[in-house]
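# Survey of secondary and tertiary structure
Listed below, chain by chain, are the residues.
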Amino acid sequence: MKPVFTLFIYLLSIAALHAQQGAADAMRLVSSTRGVIIEQRVMRHYNPVYEHKSNTLMADSGDFWRDDIGREFFEAYGNVVITQPSGTVIYGDRLHYEAATQHAVLTNNVRVVDNKSVLTTNYLTYSFRDQRGTYTGGGRIVSGTDTITSRNAYYFERTKDSYFREKVIVRSPDVVIYTDTMRYNSITRDNFFFGPTNIKGRAGENLYTERGVYNTGTGIAKFNLNNLYTEGSKFLKGDSLYYDRSIGDGEAFRNVVFVDTLEKFYANGGYGKYRGGEESITMADKPLVKMVVDNDTTSKAPADSVKTIEPEAEKLSRRERKQRERDLEEQQQQEELAQQELQLSIDSLSKDNVLLDTVHVASTPKSKVDTVYMTADTIFSRTIPRVEYVALDLGLSRDGGQLLVDEDVDYGDDDDLIGGEESGELEEFTDPSTISELDSVSVAGLATAAIDTIQKKLPSRTDRKPPDIAKKTDSLTIANTLKADSTLRDQVVIPAGNEAGTRIDEAMETVMRPDLLSAPDSLKAISDTARTRIVKAYRNVRMFKSDLQAVADSVYYGMQDSMFRFMGKPMIWSDGSQISADTIFMQMINRKLDNALLKDNAFMVNAVLDSIKFNQLKGRKITVFFDQNYIERLFVDGNAENLVFNVDEPTRIIRDMFHDRGARIKIIFKDKKVNIYNTFKPNQQVYPLKLVNQENEILPGFIWRPQDRPLSVDDMMNRKRDNTVPDTKEEVDKEAQEGGKEIRPPDPVIFEE
């Protein structure tokens, strides 16, 4: 009997324990105005207030019942208000609540209000156990000044995170964001993107990415997949992209591309920094600049060919003339291909045998356009108002301008003079204005942009507040708002994948189109607000064009007057010729080479045949004018000297050396041959080859450095000029004396393409 009694007491204690637990989990009616029983299982209350798991539920009316297994349900109607311990309040017109799972379904004019955001929708499922809400029929979240609408969303009350899917639109005072997949944190205001995304600024700028984060509070973006920043005609692309909207600055890392379609400017490299305030770009880590130029040297036929063709063409029919033109064009193309297959060789002297052979500045082009490539340690470019650009006035004139007069020099070798004096009265020469030093550019250290997921601590739980029954939902406003959101989502165009690559390709095509080469020049007469681009290259500058290559310590280029300024031991090569000076100015007009000025210690050199002899032309300055990318005339001023080795054409053997000195040497070409050669106050000497020695075969200041010449774009990008090798004969002599070596001029290196 005793064991049975003990078992009975034990079972009663278990039942009591379960009853206590059930009471704790059960919904508790706090108050109501009145209640009725429906069908002996449903308790209907008016203005009920229920409490469950520290959550308070109230409505205009509600039905409470239990099913056959004891699960509790609450169905509420009209002005539903649910208050959580954290302070979050949920509003709606209707509620279905399951107590066992703490799962609620709210419909019509639903709002979730916490201390950071307001969620609005017409259908919301909410788990009070996980504090997670979901809508799938469209809705919005307003957090401060940010408004986010989407088709689907998942809201996490504890972390203040929300996940959005399908036609997501974020509107803030500064930007509008379009994407399909996004996470948003209402505390930090970080927007995390996981697919194609456009962030459009109010000023027209756009940020594109397929993975990254943007903070709508600070305006800072960190992207790391298919990233692109666009502003007007400017595009900036990189594997990683950092952007600060507050100051308008952006940084791109690895595989960086910058394009300005308006100015026909293209640059790429390992690092790029864009400053929106001054519209500048700084490129580093093997930067490369591309500029398209007109290289049509075939548009102007030689005079002799015109004379022989035109009279015959007048007698031909229209069809025969077109056929003749096609045959002539085909013949020219075949000749060009034949020339391109041959290696570059040094042309012989003119028929008068008195001139350095530097007439060919351009080899036969393959097309009507060519590309100029330039690299350096750092390249800086920006746009400035055209009215602020100060173009250089070099005082160049195709008639030679004012003569630079030096004191007479007694060379002591008046024998064997040839040539004549140039008529004309001496005028005082005014030295052209010099260019100011380039501004220094500080380049930010290279770094890898990474997107860190910010883990914030949960906000402290606030004391439970009594429900604000007086706070009612404006159902008409919510309905209209959600309808407007739905219309907006239906009309919006969500970006597709690979938009960055597509837009960069389109921009590059625009930049490289030959028919748009003259577009920037058309802006000159628009207004004072028109802008122009300047380019500065610093340290180890190298330039490559199919018919021209250059190196220098720094280069400045202005697009308004298309003027290049090469500074710091500049050197230019074209065909077999080498050009050097303290400063070299080179200008293009209508995207064709027009003029050049070699200022101070100007020197032009080319090798004679395959020997170690060099034709040389030097002076204080050399002025060159071009026609169809070929030298049309040049002037050598200030202790002008021309040293030429005459070659016997049949035997291709050097016969003698001609040395010409004077105040000015003037040379005019016709059909790429010497037409006029004059020397003012000449002192000319012819040396038989047996009298040519190391003392007289090299002019003072002679430099020959074909090893510094870029051979291709790839060679230009991967090899710098060797500044440890001496340049001039004097430097070679000094090095030889210090090392106890034989004093001799540098060994020549014949350049061959």
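Quantities reported herein were computed from a predicted structural model and do not represent experimental measurements.

The helix and strand tally for the protein chain stands at 7 helices and 42 strands. Nonlocal contacts in the protein chain, meaning residues at least 24 apart in sequence, comprise 54% of its contacts between residues at least 6 apart. Per element, the accessible surface of the protein chain, about 37000 Å² overall, is 50% carbon and sulfur.

With that settled, consider the pairing of strand β14 (residues 152–156). One ladder, built from 4 bridges, connects strand β11 (residues 132–135) with β14; its direction is antiparallel. Within β14, the residue paired with T134 across the bridge is Y154. Strand direction decides the pairing type here: β14 and strand β15 (residues 161–171), joined by 5 bridges, are antiparallel. In the sheet register, F156 faces β15, and the bridge partner there is D161. In this antiparallel pair of consecutive strands, β14 and β15, the connection spans 4 residues, and K160 shows a positive phi of 65 degrees.

Here we take up the side chain of T197. Relative to the helices and strands, T197 is located in strand β18 (residues 197–201). Taking the relative accessible area as the measure of exposure, T197 reaches 0% and is therefore buried. In terms of polar contacts, T197 uses its side chain to reach the side chain of T179, at 2.9 Å. A polar contact is formed between the side chain of T197 and the backbone oxygen of G195, at a distance of 2.8 Å.

Confidence in the prediction of the protein chain, expressed as mean pLDDT, is 76, and 71% of residues score 70 or more. When mean pLDDT is compared element by element in the protein chain, strand β17 (residues 190–193) scores highest at 96, while helix α2 (residues 303–314) scores lowest at 33. Taken as a whole, residues 3–21 scores under 50 in pLDDT and shows 0 contacts with residues more than four places along the chain or in a different chain. Counting interchain partners and residues more than four positions distant, the pLDDT-below-50 stretch residues 518–526 has 13 contacts.

Moving on to the nonpolar core. Core analysis: the biggest nonpolar cluster contains 95 residues, and L95 and F566 have the highest contact counts within it. Among all residues touching L95, those that are not within four sequence positions of it are L57, F74, E75, A76, V80, I82, A104, V105 and L106. Core analysis: the next-biggest nonpolar cluster, separate from the first, contains 16 residues, F603, Y687, V692 and W704 among them.

So, on to the packing of aromatic side chains. Scanning the model with the defined rule gives 16 aromatic pairs in all. Over the ring of Y91 we find R111, and its NZ or CZ is 4.8 Å from the ring centre. Between the NZ or CZ atom of R533 and the centre of the ring of F265, over which it lies, the distance is 4.9 Å.

All told, the structure shown has 8 cavities of 30 Å³ or more when counted by the stated rule. Quantified by volume, the second largest cavity comes out at close to 100 Å³. Lining the second largest cavity we find 13 residues, and of these I579, M586, A596, V624 and F626 sit closest to its centre. Of all the secondary-structure elements, those providing two or more residues to the lining of the second largest cavity are β36 (583–589), β37 (592–607) and β38 (614–627). Broken down by element, the residue count for the lining of the second largest cavity peaks at 4 residues, all from β37. In terms of residue class, the lining of the second largest cavity is made up of 13 nonpolar, no polar and no charged.

A word on the pattern of salt bridges. Considering all chains together, one arrives at 27 salt bridges under this definition. Notably, a salt bridge pairs E72 with R66, separated by 2.9 Å at the nearest N-O pair. With relative accessibility at 45%, the residue R66 sits in the partly exposed group. Between E205 and R245 there is a salt bridge whose closest N-O contact spans 2.3 Å. Of this pair, E205 sits in the loop between β18 and β19 (206–209) while R245 sits in the loop between β24 (240–244) and β25 (249–260), and the two are 40 residues apart along the sequence. Neither E205 nor R245 differs from the other in exposure class; each is buried. Beyond isolated ion pairs, a larger network of salt bridges with shared partners links D67, R71 and E98.

Between the first and last C-alpha of helix α5 (residues 499–512) there are 20 Å, a value that for 14 residues agrees with the 20 Å anticipated at 1.5 Å per step. Within α5, the full set of buried residues consists of E499, A500, G501, I504, A507, M508 and V511.

A word on the side chain of R664. Along the chain, R664 falls in strand β40 (residues 653–670). The class of R664 is buried, set by a relative accessible area of 6%.

Not every positive phi belongs to a glycine, and N255 is a case in point at roughly 50 degrees. As for its placement among the helices and strands, N255 is situated in strand β25. Residue classification places N255 among the exposed residues on the basis of a relative accessible area of 54%. The backbone phi angle of R652 is positive, close to 60 degrees, even though this residue is not glycine. For R652, the position within the fold is in the loop between β39 (630–648) and β40.

Before going further, it helps to examine the environment of V113. By the secondary structure assignment, V113 is in strand β9 (residues 103–113). Once the C-alpha coordinates of V113 and Y91 are considered, the two residues, 22 residues apart in sequence, prove to be 8.2 Å apart. Those residues within four positions of V113 in sequence are excluded, and the remaining contacts are G87, T88, V89, Y91 and V118.

Moving on: the environment of W573. Here W573 lies in strand β34 (residues 571–574). Under the relative-accessibility criterion, W573 is labelled buried at 2%. Once the C-alpha coordinates of W573 and V605 are considered, the two residues, 32 residues apart in sequence, prove to be 9.4 Å apart. If we skip the residues at most four places from it in the chain, W573 touches D547, L548, Q549, A550, V551, Q578, R705, P706, D708, R709 and P710. Here Q578 takes part through its side chain, which lies 3.3 Å from a polar atom of the side chain of W573.

Calculation criteria
- Residues numbered from 1 in each chain as written.
- Predicted model: local features only at pLDDT ≥ 70, side-chain atom pairs only at ≥ 80, totals over all residues.
- Heavy atoms only, no water.
- Helix = DSSP H or I, 4+ residues; strand = E, 2+ residues; numbered from the N terminus.
- Contact = heavy atoms within 4.5 Å.
- Areas by Shrake-Rupley, 256 points an atom, 1.4 Å probe, with all protein chains shown as cover.
- Pairing = 2+ DSSP bridges.
- Buried < 20%, exposed > 50% of the residue type's maximum accessible area, 1.4 Å probe, protein only.
- Polar contact = N/O pair within 3.5 Å; in protein donor to acceptor, adjacent residues only side chain to side chain.
- pLDDT = per-residue confidence, 0-100.
- Core = buried A, V, L, I, M, F, W, Y, C linked by side-chain atoms within 4.5 Å.
- Phe/Tyr/Trp six-rings, centres within 6.5 Å; stacked < 30°, edge-to-face > 60°.
- Lys NZ or Arg CZ within 6 Å of the ring centre and 35° of its normal.
- 1 Å grid on protein atoms, 1.4 Å probe; cavity = no way out; pocket = protein on both sides within 12 Å on 5 of 7 lines; lining within 4 Å.
- Points joined across faces, edges and corners; volume = space filled by probe spheres on them.
- Nonpolar A, V, L, I, M, F, W, Y, C, P; charged D, E, K, R; others polar.
- Salt bridge = Lys/Arg side-chain N within 4 Å of Asp/Glu carboxyl O.
- Expected span 1.5 Å × (residues − 1).

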